[in-house]
Amino acid sequence: MADSNVPNKLFDKYLDAIFINHNRFQFELPDNFGNSPVSVIVVANNKFRGCVPASLGNMLRTLNEIILMENGLRSCLPPEIGLLKELTVFDVSFNELMGSLPETIAGMVKVEQLNVAHNMLSGSAPASICKLPRLDNFTFSYNFFTGEAPMCLSLPGFDDRRNCLPSRPAQRLLAQ
Ligand SMILES: *[C@@H]1O[C@H](CO)[C@@H](O)[C@H](O)[C@H]1NC(C)=O
């Protein structure tokens, strides 16, 4: 079978955008991931099964959009993601991410779309994230969150279904 790995060198190349969709790549996102100068990276529907690399934080001056949807990523979200102050779209939905949302996400001062739905995240959705000035849509359905700041409820786009939130509709294990 042909080698199905993405060459690590890809992330050291001078490119504007990287799209790796619907492939069968089975590797862990490499440590040099964060060397990439792209403004857009879409890596969706692969089979990585690795971690969200902490080196993402090195892309703080250039990265506008990152979509790491449906890759089987299995780790915590590294606090370094909060360094991404130019980021407008952050989507890590449909993975197996664990732990809580790092408070550092409050540093994503330009973020508009935040999608962490369909993971195994827990803890709570903090006010520091929900009050981000440009946040339009915060989707965190299908996780195991046990709390959310009341101000999250007034975001224009918002989805907290299928968590473990007391007194919210459509939660896990609660008959509606
Ligand atoms: C918010 O984002 C989710 C996930 O991308 C999308 O399904 C939903 O339609 C969006 N909601 C609004 C109000 O834009």
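About the thresholds
- Residues numbered from 1 in each chain as written.
- Predicted model: local features only at pLDDT ≥ 70, side-chain atom pairs only at ≥ 80, totals over all residues.
- Heavy atoms only, no water.
- Near = heavy atom within 4 Å.
- Polar contact = N/O pair within 3.5 Å; in protein donor to acceptor, adjacent residues only side chain to side chain.
- Areas by Shrake-Rupley, 256 points an atom, 1.4 Å probe, with all protein chains shown as cover.
- Nonpolar A, V, L, I, M, F, W, Y, C, P; charged D, E, K, R; others polar.
- Salt bridge = Lys/Arg side-chain N within 4 Å of Asp/Glu carboxyl O.
- Helix = DSSP H or I, 4+ residues; strand = E, 2+ residues; numbered from the N terminus.
- Disulfide = S-S within 2.5 Å.
- Buried < 20%, exposed > 50% of the residue type's maximum accessible area, 1.4 Å probe, protein only.

Q: Residue-level account of the site of the ligand, with values.
A: In the vicinity of the ligand, the residues found are Asn-115, Asn-137, Thr-139 and Gly-157. Note that an oxygen atom of the ligand is positioned 3.4 Å from one of the side-chain N or O atoms of Thr-139. Protein contacts shield 34% of the accessible area of the ligand, which totals 370 Å² for the unbound molecule. Taken together, the residues of the shell around the ligand break down into no nonpolar, four polar and no charged.

Q: So what's going on with the pattern of salt bridges? Residues and values would help.
A: Considering all chains together, one arrives at five salt bridges under this definition. Across the pair Lys-110 and Glu-86 runs a salt bridge whose closest N-O atoms are separated by 2.6 Å. Placement of Lys-110 in the loop between β5 (98-99) and β6 (113-115) and of Glu-86 in the loop between β3 (65-67) and β4 (89-91) is noted, with a sequence separation of 24 residues between them. Across the pair Asp-159 and Arg-161 runs a salt bridge whose closest N-O atoms are separated by 2.7 Å. Each of Glu-148, Asp-160 and Arg-168 takes part in a single network of salt bridges with overlapping partners.

Q: Any details on the state of the cysteines? Residues and values, ideally.
A: Scanning all chains against the criterion turns up one disulfide. At a sulfur-sulfur separation of 1.9 Å, the disulfide partner of Cys-130 is Cys-152. Of note, the bridge from Cys-130 to Cys-152 carries an S-S torsion of about 90° and is right-handed in sense. Note that Cys-130 is positioned in helix α1 (residues 127-130) and Cys-152 in the loop between β10 (147-148) and β11 (157-159), a separation of 22 residues in sequence. Judged by its relative accessible area of 0%, Cys-152 is buried. Looking at the unpaired Cys-51, the closest cysteine sulfur is the one in Cys-76, lying at 8.6 Å. Residue classification places Cys-51 among the partly exposed residues on the basis of a relative accessible area of 38%.

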